[in-house]
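# Residue-level structural notes
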Amino acid sequence: MKKILTLLILLCSVAVFSQRTCSTNTKLNELKNNVPGFSEHHQDVMEYIQNPNNEQANFLRGTNSPAVVVTIPVVFHVLYKNATQNISDAQINSQLTVLNNDYRKLNADFNSVVPAAFRPLGADVEIAFCKATRTPAGAATTGITRKSVGSSFVFEDSYYLAAGELAWDPTKYLNIWIGRFSDNTLLGFAYLPSAAGQAFDGLCIGDQFFGTTGTASAPFNKGRTGTHEIGHYFGLEHPWGDDGSSCGSSANNDGVTDTPATDNPHYNCPNFPSNANTCTNSANGAMFMNFMDYVDDACMAFFTAGQKTIMQNTLAGPRLSLLTSNGCSVLGLNEVEAIRAIAVYPNPVSKYFMITSPQVEIDEVEIFNTMGQLVKTQKLSLANNVINIEEFASGTYYLRIYNQGQFLKSDKLIKK
């Protein structure tokens, strides 16, 4: 009898890890329910980054400019309860390699996994990743921190607290926390750009689903959980939109025109074509091999051009400050372009908007109504500055942005 029970437990454990589970929507809903004004802010940010005609992003990209690959500095925080969970540098490096291949469409399995019908939609996202070489204080670093935590440590709740490892400035670094979840159905989660700059912002991932070696376990041992979750970090939603949404509902929308609408995730390795979960049947069926679905690591292999637009829009707004961080290449801008690159987002806005300036210092904004009356002045001191205009009437407003009394840029803002 004991042997039978043991076998059943082992079988259940295998079943637990046989399907991908992402907790990004759960974490997002916690913020919506617990933080006043966040739900409206999140909606505004998603509308901003899902707009294919985003003027700020188009300026940074340059309509006729050569491709500019943005390199994101990453710090890896390893939180371990035993020696096995204290994963090796080699395992961390293997994940970094996967990210750099997947986000540049250099992954060797693109042609073998992506059907011919979908290959023309595949995109080089023009994002690269490197381990940070400088701490926020300017000291040299390997880009890896390690900390032993107690057996009762709840990784998914406390990873970013003092009991875990405090984030390095999340406006300047992509923080990735690696540990062992107490919820053994969970692979990982990352926060969408509406949470940019928060202490918990970044990727939280189980060590068994990280990289391609060491403790990484099949079928999630090809580094694609990291690729998937960082897609969320750059603004991508699941192809079915919100969890539990049905075809035709407003929540059943990922804001991407070139990913066929579905109403449920796909698991394991489906056969192409499949219309099991599509909202409209077609010859090609669902794009289940997209990085933002739930299939096994070996069966997902690309981002689309539409998804690339959203990620580039995110880098032009909510995550613009990443472009000037220590340790990696930055987006080259001359002085005039640097001033023009000051980002005001989201726009239109419901309650509060952000101002980010990656290249030049700013310290004050003035807001005027259409009659030219000054209605608000606010000092600016952070990488991502929050300006609350909830009390403003709906309409058009004009901004003037300064540094030490010198006018730098004007902009227009729409209050919903």
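Further up the page is the structure itself.
Below: a short report on this structure. Because the structure is predicted, anything quoted here is derived from the model rather than measured. (Residues numbered from 1 in each chain as written. Predicted model: local features only at pLDDT ≥ 70, side-chain atom pairs only at ≥ 80, totals over all residues. Heavy atoms only, no water.)

## Some details on the side chain of asparagine 54
To keep things clear, this is the line we draw: The helix and strand labels rest on DSSP assignments: H or I over at least four residues marks a helix, E over at least two residues marks a strand, and numbering proceeds from the N terminus. Note on exposure labels: buried denotes an accessible area under 20% of the residue type's maximum, exposed denotes more than 50%, and partly exposed covers the range between, all computed with a 1.4 Å probe on protein chains only. Any pair of N or O atoms that falls within 3.5 Å is considered a polar contact. Within protein, one atom must be able to donate a hydrogen and the other to accept it, and sequence-neighbouring residues count only if both atoms are side-chain atoms. We call two residues contacting when some pair of their heavy atoms lies within 4.5 Å.
Residue position: asparagine 54 is located in the loop between helix H3 (38–49) and helix H4 (55–61). Relative accessible area serves as the criterion here: at 3%, asparagine 54 is assigned to the buried category. Polar side-chain contacts of asparagine 54 include one of 3.1 Å to the backbone oxygen of tyrosine 48. Beyond its immediate chain neighbours, meaning those up to four positions away, asparagine 54 contacts Tyr48 and Asn313.

## Thoughts on the sheet that holds strand S7 (residues 343–345)
Which entries qualify depends on this criterion: Criterion used throughout: strands pair if DSSP finds at least two bridges between them. Here an axis means a line fitted to C-alpha atoms, over the contact stretch when the element is a helix, while the angle between two N-to-C directions is reported on a 0 to 180 degree scale.
Overall, antiparallel pairing links the 3 strands, which are arranged S7-S8-S11 in an open sheet. Edge strands, defined here as strands with exactly one partner in the open sheet, are S7 and strand S11 (384–388). Adjacent strand axes in the sheet meet at a mean angle of 20° when their direction is disregarded. Relative to S11, strand S8 (residues 352–356) runs antiparallel, the two sharing 5 bridges. Among the inter-strand pairings, threonine 356 is bridged to a residue of S11, identified as asparagine 384.

## Regarding the packing of aromatic side chains
Here a ring pair, both rings aromatic, is described through the centre-centre distance and the interplanar angle of the planes. Test applied: Within 6.5 Å between ring centres, the rings of Phe, Tyr and Trp (the latter by its six-membered ring) count as paired, and their orientation is classed by plane angle as stacked under 30 degrees, edge-to-face over 60, tilted in between.
Here the structure, examined in full by the defined rule, presents 24 aromatic pairs. An angle of 40° between the planes, with centres 5.8 Å apart, marks the rings of tyrosine 48 and tyrosine 345 as tilted. Note that tyrosine 48 is positioned in helix H3 and tyrosine 345 in strand S7, a separation of 297 residues in sequence. Accessibility assignment for this pair places tyrosine 48 and tyrosine 345 in one class, buried. Between the aromatic rings of phenylalanine 110 and phenylalanine 302, the centroid separation amounts to 6.2 Å while the plane-to-plane angle is 70°, which identifies the pairing as edge-to-face.

## Here we look at the layout of surface pockets
Over the atoms rolls a probe the size of a water molecule, and its path tells where empty space is left. Condition: Both cavities and pockets are sets of points on a 1 Å grid over the protein atoms alone; in a cavity a 1.4 Å probe fits but cannot get out, in a pocket the set is open with protein on both sides within 12 Å along at least five of seven lines, and lining residues sit with an atom within 4 Å of a point. Grid points are joined across faces, edges and corners, and a volume is the space filled by probe spheres set on the points.
By volume, the largest pocket amounts to about 450 Å³. Those elements that place two or more of their residues in the lining of the largest pocket are H3, H4 and strand S13 (406–415). Looking at the lining of the largest pocket element by element, the count peaks at 4 residues for S13.

## Observations regarding empty space enclosed by the protein
Applied cut-off: Under the grouping applied here, Gly and all other residues not named as nonpolar or charged are polar, the nonpolar ones being Ala, Val, Leu, Ile, Met, Phe, Trp, Tyr, Cys and Pro and the charged ones Asp, Glu, Lys and Arg.
If you walk through the whole model with that rule in mind, you get 1 cavity of 30 Å³ or more. What the largest cavity holds in volume is close to 40 Å³. If you trace the largest cavity, you find it lined by Thr24, Lys27, Leu28, Leu31, Phe38, Ala190, Tyr191, Leu192, Ser194 and Ala195. Considering every element that reaches the lining of the largest cavity, the biggest residue donor is helix H2 (residues 24–34), with 4 residues. Of the residues contributing to the lining of the largest cavity, the split by class is 7 nonpolar, 2 polar and 1 charged.

## Observations regarding the nonpolar core
Where we set the bar: To form a nonpolar core, buried Ala, Val, Leu, Ile, Met, Phe, Trp, Tyr and Cys residues must be joined to one another through side-chain atoms within 4.5 Å.
Tyr103, Phe129, Ile176 and Phe234 are the most contacted members of the largest nonpolar core, which totals 54 residues. By residue number, the principal contributor to this core is strand S1 (residues 70–80), which donates 6 residues. Discounting chain neighbours no more than four positions away, the residues touching phenylalanine 234 are Ile72, Tyr103, Ile127, Phe129, Pro193, Ile310, Met311, Thr314, Leu315, Arg319 and Leu322. In terms of nonpolar packing, the next biggest core, distinct from the first, is built from 18 residues, Phe38, Tyr159, Leu192 and Ala195 among them.

## Considering the pairing of S13
When strand S12 (residues 395–403) meets S13, the two strands line up antiparallel, connected through 9 bridges. By the bridge assignment for S13, tyrosine 397 is matched with leucine 413. Counted along the chain from S12 to the antiparallel partner S13, the turn is 2 residues long, and its residue glutamine 404 has a positive phi close to 50°.

## Concerning the sheet that holds strand S9 (residues 364–368)
The strand order across the open sheet formed by 4 strands is S10-S9-S12-S13, and the pairing between neighbours is antiparallel. The open sheet has two free edges, formed respectively by strand S10 (374–379) and S13, since each of these has just one partner strand. Neighbouring strand axes in the sheet, compared pairwise and without regard to direction, differ in orientation by 20° on average.

## Points about unusual backbone geometry
Residues phenylalanine 272 and proline 273 are joined by a peptide bond in cis, for which omega reads -10°. Note that proline 273 resides in the loop between helix H8 (224–233) and helix H9 (305–315). Phi at lysine 105 is positive, roughly 55°, even though this residue is not glycine. Note on placement: lysine 105 falls in the loop between helix H5 (89–102) and helix H6 (110–113). You will see that glutamate 126, though not glycine, has its phi angle at about 65°, which is positive. Topologically, glutamate 126 is positioned in the loop between H6 and strand S2 (127–131). Residue glutamate 126 is classed as buried on the basis of its relative accessible area, which comes to 14%.

## Thoughts on the environment of proline 270
Among the structural elements, proline 270 can be located in the loop between H8 and H9. For proline 270, a relative accessible area of 24% gives the class partly exposed. In this structure, the C-alpha to C-alpha distance between proline 270 and phenylalanine 288, residues 18 residues apart in sequence, is 7.7 Å. Residue contacts for proline 270: discarding those within four places in its chain leaves Phe288 and Val295.

## Examining the side chain of histidine 77
As for its placement among the helices and strands, histidine 77 is situated in strand S1. Residue histidine 77 is classed as buried on the basis of its relative accessible area of 0%. Looking at histidine 77, its side chain comes within polar contact range of the side chain of asparagine 175, at 2.8 Å.

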